[in-house]
Amino acid sequence: MIKILLAVALTVVNLFAIKASVDELRWSQGMTFLSFLGQNSLPSSLYYNLTNEDKESVAEISAGLKFHIFKENDEILQILIPVNDELQIHIFKDGDNNYQLDFVPISYQTKDLVLNIEITKSISEDITSYVSNALANAFKTAFKNQNINYKRIQKGDRVTIFYTQKFRMGMPFGTPELHSAMLQTQGKTYTTYKFENKYYNKSGKEERRVSFVRPLPNARITSGFTLKRWHPVYKRYRAHLGVDYGAPRGTPVKASGDGSVKFVGTKNGYGKTIILSHQNGYETLYAHLNGFAKGLKTGQKVKQGTLIGYVGSTGVSTGPHLHFGFYIGDKPVNPENMMKSVKVATENKNASKFKAIVDKYTKEYKKYTKENLTTEKYENFQNVIEF
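Everything numeric here is computed off the predicted structure, so don't read it as measured data.

Enquirer: Mind showing me how you'd approach the overall build of the protein here?
Expert: If you tally the helices and strands in the protein, you get eight helices and 22 strands. Scored against the burial criterion, the 387 residues of the protein give a buried share of 47%. Considering only contacts in the protein between residues 6 or more positions apart, those separated by 24 or more positions represent 64%. When the accessible surface of the protein is summed, it comes to about 19,600 Å², and 49% of that surface belongs to carbon and sulfur atoms.

Enquirer: Help me understand the nonpolar core in this model?
Expert: Formed by 52 residues in total, the largest nonpolar core has its most connected members in Phe 33, Phe 36, Ile 81, Ile 89 and Ile 91. When sequence neighbours within four positions are dropped, the list of residues in contact with Ile 89 reads Phe 33, Val 58, Ile 61, Ile 79, Leu 80, Ile 81, Val 83, Leu 101, Asp 102 and Phe 103. Residues Tyr 130, Ala 136, Phe 143 and Leu 178 belong to the second largest nonpolar core, which totals 22 residues.

Enquirer: Looking at this structure, how should I read the side chain of Asp 126?
Expert: Examined against the element boundaries, Asp 126 turns out to sit in helix α5 (residues 123-130). Look at Asp 126: it is buried, it has no salt bridge, and the nearest opposite charge is Lys 121 at 6.3 Å. Within polar-contact distance, the side chain of Asp 126 engages the backbone nitrogen of Lys 121 at 3.1 Å. Dropping the residues within four chain positions of it, Asp 126 is found in contact with Ile 117, Glu 118, Ile 119, Thr 120 and Lys 121.

Enquirer: I tried to follow the pattern of salt bridges on my own but got confused; where do I start?
Expert: Side chains carrying opposite charge are able to pair once their charged atoms draw close together. Tallied over the full model, the rule gives twelve salt bridges. A salt bridge links Arg 238 to Asp 54, with the nearest nitrogen and oxygen atoms 3.6 Å apart. Of this pair, Arg 238 sits in strand β13 (residues 236-240) while Asp 54 sits in helix α4 (residues 52-58), and the two are 184 residues apart along the sequence. For Lys 367, the salt bridge identified is with Glu 364, shortest N-O distance 3.5 Å.

Enquirer: What exactly am I supposed to notice about the pairing of strand β2 (residues 66-72) here?
Expert: Side chains on a regular strand alternate between the two faces of the sheet. Of the pairings in the sheet, the one linking strand β1 (residues 20-26) to β2 comprises seven bridges and is antiparallel in character. Bridge pairing in β2 links Ala 20 to Glu 72. Direction of pairing for β2 relative to strand β3 (residues 75-82): antiparallel, over a ladder of five bridges. Looking across to β3, one finds that Glu 72 is bridged to Glu 75. Between β2 and β3, which pair antiparallel one after the other, the connecting turn spans two residues, and Asn 73 there sits at a positive phi close to 50°.

Enquirer: Please explain the sheet that holds strand β4 (residues 87-93) as it appears in this structure.
Expert: Strand order in the open sheet formed by five strands is β1-β2-β3-β4-β5, and the pairing between neighbours is antiparallel. A single partner strand is all that each edge strand has here, and the edge strands are β1 and β5 (99-105). If you compare each strand with its neighbour and ignore which way they point, the axes differ by 20° on average. Across five bridges, the pairing between β3 and β4 is antiparallel. Residue pairing for β4: Leu 80 is matched across the bridge by His 90.

Enquirer: Where do I start with the sheet that holds strand β10 (residues 198-200) in this structure?
Expert: Adjacent strands of a sheet form backbone hydrogen bonds with each other and so pair up, either parallel or antiparallel. Strand order across the open sheet formed by five strands is β6-β7-β8-β9-β10, with antiparallel pairing between neighbours. Across the chains shown, the open sheet's two edge strands, defined by having one partner strand only, are β6 (109-118) and β10. Taking the axes of each pair of neighbouring strands and ignoring which way they run, one obtains an average angle of 25° across the sheet. Where strand β8 (residues 171-185) and strand β9 (residues 188-195) come together, six bridges link them in antiparallel fashion. Paired with Gln 184 across the bridge in β9 is Thr 189. Packed on one face of the sheet, α5 meets β6, β7 (158-168) and β8 and runs near 135° to β6. Sheet contacts for helix α6 (residues 133-142): β6, β7, β8, β9 and β10; angle to β8, the most-contacted strand, approximately 45°.

Enquirer: Is there a simple way to explain the pairing of strand β20 (residues 307-311) in this structure?
Expert: The pairing of strand β15 (residues 252-254) with β20 spans three bridges and is classified as antiparallel. Paired with Lys 254 across the bridge in β20 is Leu 307. In this sheet, β20 lies alongside strand β18 (residues 282-292) in antiparallel orientation, the contact comprising three bridges. Bridge pairing links Leu 289 to Val 311 in β20.

Enquirer: Can you help me understand the environment of Leu 34 in this one?
Expert: If you trace the backbone, Leu 34 turns up in helix α2 (residues 33-39). Given the relative accessible area of 27%, Leu 34 is considered partly exposed. With twelve residues separating them in the primary sequence, Leu 34 and Leu 46 have C-alpha atoms 8.6 Å apart. Among all residues touching Leu 34, those that are not within four sequence positions of it are Ser 44, Tyr 47 and Tyr 48.

Enquirer: So what exactly am I meant to see when it comes to the packing of aromatic side chains here?
Expert: For any pair of aromatic rings, the description rests on two quantities: the centre-to-centre distance and the angle between the ring planes. Taken as a whole and judged by the stated rule, the model has 18 aromatic pairs. Relative to Tyr 48, the ring of Tyr 47 lies with its centre 5.4 Å away and its plane at 75°, an arrangement referred to as edge-to-face. Overall, Tyr 47 belongs to the buried group, its relative accessible area being 6%. Centroid distance Phe 195 to Tyr 200: 6.2 Å. Interplanar angle 65°. Geometry classified as edge-to-face. By relative accessible area, which is 6% here, Phe 195 ends up buried. Counting every residue linked through ring pairs, the aromatic cluster contains Trp 27, Phe 33, Phe 36 and Phe 67.

So, how was this worked out
- Residues numbered from 1 in each chain as written.
- Predicted model: local features only at pLDDT ≥ 70, side-chain atom pairs only at ≥ 80, totals over all residues.
- Heavy atoms only, no water.
- Helix = DSSP H or I, 4+ residues; strand = E, 2+ residues; numbered from the N terminus.
- Buried < 20%, exposed > 50% of the residue type's maximum accessible area, 1.4 Å probe, protein only.
- Contact = heavy atoms within 4.5 Å.
- Areas by Shrake-Rupley, 256 points an atom, 1.4 Å probe, with all protein chains shown as cover.
- Core = buried A, V, L, I, M, F, W, Y, C linked by side-chain atoms within 4.5 Å.
- Lys, Arg positive; Asp, Glu negative; His and termini not counted.
- Salt bridge = Lys/Arg side-chain N within 4 Å of Asp/Glu carboxyl O.
- Polar contact = N/O pair within 3.5 Å; in protein donor to acceptor, adjacent residues only side chain to side chain.
- Pairing = 2+ DSSP bridges.
- Axes fitted to C-alpha atoms, helices over the stretch in contact; angles between N-to-C directions.
- Phe/Tyr/Trp six-rings, centres within 6.5 Å; stacked < 30°, edge-to-face > 60°.

Purely spatial values, then, with no claim about function.
Shown next, in the form of structure tokens:
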């Protein structure tokens, strides 16, 4: 619907020679949603009228994120700002010429694609050159605990990746979903397979060895994780990019895993917040805290189970609780999925399902290896934007 409206608007513009533009911009470092509204002379009520949960969603907008502004005669008519891979903020003018804000699903298409290339420089450089840095990061995540010496990768080694990519307005969008990948190097072949949102090698052993625990072991979940859901009362889409644990004010909050302090301070609607960096591009976020552990500072190393703060209700919060976020390469994922016990994919009823996946991609790998198929580079025309 948004595409149609914008297409009609641009048609009218062409007919009457109205000066119009569609700008693709990047979110500035340190900019909050409230400051963004002020910089663009938009009413601050667009923020203050949001529910607490929606204020948390706008706090997730990160530096470097691409968004679009549609103007007519230098007047802003519409703005689209993604808050995750599924949902975006839509600011627009209503029939009374007043600005309104809504959360709407992102319209995108998906394509199942294959990358099959010879290494010429390095895995990261070549995957990024052919597709994107996001796919290069997804590749490293999928193989992160197989004993691959990336320093010994040579020219002529081969990478094959089966993945699904979202496309928005004709351009790649969001994080690619990697289904399976193969690396041939030093006379060895390494493979990885996605099964029930985790990666396993051919024998069915899970590749994730970094373990995480709940920051509040015995607390109950008061609000779960979702990228996009329709709220029947508010009649709108909403996102909750973490898990809320209910607990009394002052309850000790522990580090979910070994890592280092990336951020400690106040973060927009999250109030007093701590962000920890972990191995393999993982990050955890602890929000609405009442206070921090004594002496906690940026860059400090912490062990799993270390006291880092206390439950509170700072920021946008209706009562004491901990908002716990989990991110892989800046992409929010359900924290509860990362806390589950590790199992092998070949156990019990999963064995036949996992074997079917391995058999499927084994045939595909043989075809691409035998025929020596090479992927053409994707041309990314940054100056073309379709509405």
